[in-house]
Amino acid sequence: MSPIPRQTPQTLPAHVPLVTEPMGVLASLKAARRNILSIIPEIATRQPMVSGRTGKRWHMVMDPGAIRRMLLEELDNYPKSIVTKNLLRPAIGESLFIAEGAHWRWQRRTAAPVFSHRNVMNLAPIMTAAAEQSAARVAAAGPRAVDMAAEMVRTTFDVIADVTFSGDGMFDVDAVHRGIDAYISEAGKISLFDILGFPDWVPRPGRVMSGGSVAEMKRVADEAVEARRARGSEGVPDLLDLLLDGEDPETKRRMSTPELRDNLLTFIVAGHETTALTLGWSLYLCAFDQAVQDRARAEAQAVLGGRAATGADVARLPYIRQIIDEALRLYPPAGIISRTAQVADTLCGRDIRPGDTVIIPIYALHRNHQLWPEPDAFNPDRFADRKTIERYAYLPFGDGPRICIGASFALQEAVIILATLLSRFRFTPVPGRDPDPVMILTLRPQGGVWLMAEPV
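Residues numbered from 1 in each chain as written. Predicted model: local features only at pLDDT ≥ 70, side-chain atom pairs only at ≥ 80, totals over all residues. Heavy atoms only, no water.

A. Seen up close, the overall build of the chain. When you go through the chain residue by residue, the secondary structure sums to 17 helices and eleven strands. Within the chain, buried positions represent 56% of all 456 residues. Counting contacts in the chain only where the partners sit at least 6 residues apart, residues at least 24 apart contribute 74% of the total. Counting only carbon and sulfur atoms, one obtains 58% of the accessible surface of the chain, whose full area is about 18800 Å². (Helix = DSSP H or I, 4+ residues; strand = E, 2+ residues; numbered from the N terminus. Buried < 20%, exposed > 50% of the residue type's maximum accessible area, 1.4 Å probe, protein only. Contact = heavy atoms within 4.5 Å. Areas by Shrake-Rupley, 256 points an atom, 1.4 Å probe, with all protein chains shown as cover.)

See the structure below:
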């Protein structure tokens, strides 16, 4: 790994000021509603574990060995937290993202072949076409500044709409997207009831308001699933075809229409927003460091020769992939994950009691001074040799049995789109328009990623 130039706070990319003084329940709630990352204590970037009480006992874990215990060795003792499930269950049911135990395992076995290398490569032409369309839109918008965060949301949504339903006229994918967005914007703000551990049946004001849009979204999706079930597959199988054909290799069970629908809605949300965020932050970082951008452009132009990137090109674009890896380190889409301990345990020599909230603040883990040199600096060369990265110190997709099922899909899509854009444009920042990293459910660049895009 090449040495990292020492950077001052003024020359570091955008980051979240972390807490240096203890906060009470109401102060924590107020901060979390604005930016959940702002409740992380700064000491979490310098320690293996931090514990406290805000209504309930909590622990933040940044030690890779302890994280391995939670996500791999004692997986069933650390299910997703009640807060997480309360936030998401009304929209995506007991899908892969939320389900636990046997119900999760059979769904995972059924869905795993959908994201095989062969199937992901079969979907690459859709990603290439979306990259080409994005480049055309950016070119047409010039010479004014473009919000590349919004552009990446549009581009990745084009991909997920096509790979999920093959442009099926039966499915109003925009309506589903609006329904999910409406739910998240109303329900995603953390409730004081959640922090205090109130049970699920106590109404949350925002979530009650958004129930109608969710019900309509599910009805539309159910109709589309049933119509495809009756019609059958045509051409290259899309995600819906693959899920309809899927069965648990152990029990031969197949997904019902509600189970299919909940998993498709999960893939639509997770499969476009997280990749869009990764690309938005990657472009911001390339504009922030022109030397990195120049090196990436040279690689992309040498491989692509003016055309859009394809699935076959991904393995030949290692530096583009390193930029994406480093963007995922600095701005992980899921900046915090939380679990609820079921039985007594010990992590980093501390007692964990049943019911304790055990948090992996991925944002702090990825910037922990014990694990990363100059952790707030942008340096893609950290990832030149992946074997030097400690396994459970880098978790943009989680890890263990519940590692993100679509990780290879997302990385392939991100490399194809980023390489295509960098090969054709030089991106430079708009003065005074730096994005603000803010996390409600995902780590978004608040204010957008406004860049000038100059054809090269």
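B. Spatial organisation of the pairing of strand β4 (residues 337-340). Burial along β4 is two-sided: Ile337 and Arg339 facing one way and Ser338 and Thr340 facing the other are all buried. Relative to strand β7 (residues 357-360), β4 is paired through four bridges, and the arrangement is antiparallel. Within β7, the residue paired with Ile337 across the bridge is Ile360. (Pairing = 2+ DSSP bridges.)

C. The nonpolar core, seen in detail. Of all hydrophobic cores here, the largest spans 129 residues; its most connected members are Ile40, Met148, Leu283, Ile320, Leu347, Leu421 and Phe427. If sequence neighbours within four positions are ignored, Phe427 has contacts with Met148, Leu283, Ala287, Gln290, Gln293, Arg297, Leu421, Leu422, Leu451, Met452 and Ala453. (Core = buried A, V, L, I, M, F, W, Y, C linked by side-chain atoms within 4.5 Å.)

D. Spatial organisation of the pairing of β7. Side chains Thr357 and Ile359 of β7 all project onto a buried face; the interleaved residues Val358 and Ile360 project onto the opposite face, where all are buried too. Pairing geometry for strand β2 (residues 56-61) and β7, over three bridges, is parallel. Its bridge partner lying in β7, Met60 is registered against Ile359.

E. Fine view of the side chain of Asp262. Of note, Asp262 is situated in helix α13 (residues 257-288). You can call Asp262 buried: its relative accessible area is 9%. Once residues lying within four places of it in the same chain are set aside, the contact partners of Asp262 are Ile92, Gly93, Glu94, Ser95 and Lys218.

F. Molecular detail of the sheet that holds strand β11 (residues 450-455). Strand order in the open sheet formed by three strands is β3-β11-β8, with antiparallel pairing between adjacent strands. Bordering the open sheet on either side are β3 (146-147) and β8 (425-429), each of which pairs with just one other strand. Sheet strands touched by α13: β8 and β11. Its angle to β8, the strand with the most contacts, is close to 80°. (Axes fitted to C-alpha atoms, helices over the stretch in contact; angles between N-to-C directions.)

G. Quick peek at the sheet that holds β2. Spatially, the four strands line up as an open sheet ordered β1-β2-β7-β4, and their pairing is mixed. With one partner strand each, in any of the chains shown, β1 (49-54) and β4 form the two edges of the open sheet. The mean angle between the axes of side-by-side strands here comes to 25°, regardless of whether they run parallel or antiparallel. Sheet topology note: the β1/β2 ladder contains six bridges and is antiparallel. Paired with Gly52 across the strands is Trp58, a residue of β2. Each of β2, β4 and β7 is contacted by helix α2 (residues 64-73), which is oriented at about 115° to β7, the strand it contacts most.

H. View of the pattern of salt bridges. Here the structure, examined in full by the defined rule, presents 35 salt bridges. Where Arg137 meets Glu151, a salt bridge forms, and the shortest distance between an N and an O atom there is 2.8 Å. Highlighted residues: Arg137 in helix α6 (residues 124-141) and Glu151 in helix α7 (residues 148-165), separated in sequence by 14 residues. The class of Glu151 is buried, set by a relative accessible area of 9%. Ionic pairing is found between Glu326 and Arg329, a salt bridge with its closest N-O pair at 2.7 Å. Here Arg329 and Glu326 lie together in helix α15 (residues 318-330), a separation of three residues that amounts to about one turn. Classification of Glu326 by relative accessible area gives buried; the value is 0%. (Salt bridge = Lys/Arg side-chain N within 4 Å of Asp/Glu carboxyl O.)

I. Representation of the packing of aromatic side chains. Scanning all chains against the criterion turns up ten aromatic pairs. Residues Trp281 and Tyr284 carry aromatic rings whose centres are separated by 5.9 Å and whose planes lie at 80° to one another, so their mutual orientation is edge-to-face. Placement of the pair is Trp281 and Tyr284 together in helix α13, with a separation of three residues, close to one helical turn. Of the two residues examined, Trp281 and Tyr284, each falls in the buried class. Ring plane angle 50° and centroid distance 4.9 Å describe the contact between Phe383 and Tyr394, whose orientation is recorded as tilted. In this pair, Phe383 is assigned in the loop between α16 (362-365) and α17 (407-424) and Tyr394 in the loop between α16 and α17, connecting sequence segments eleven residues apart. An aromatic cluster of three or more residues is present, and its members are Trp281, Tyr284, Phe288 and Tyr331. Stacked on the ring of Phe97, the Lys or Arg Lys80 has its end atom at 3.4 Å from the ring centre. The residue whose ring lies beneath Arg329 is Trp372, and the NZ or CZ to ring-centre distance is 5.3 Å. (Phe/Tyr/Trp six-rings, centres within 6.5 Å; stacked < 30°, edge-to-face > 60°. Lys NZ or Arg CZ within 6 Å of the ring centre and 35° of its normal.)

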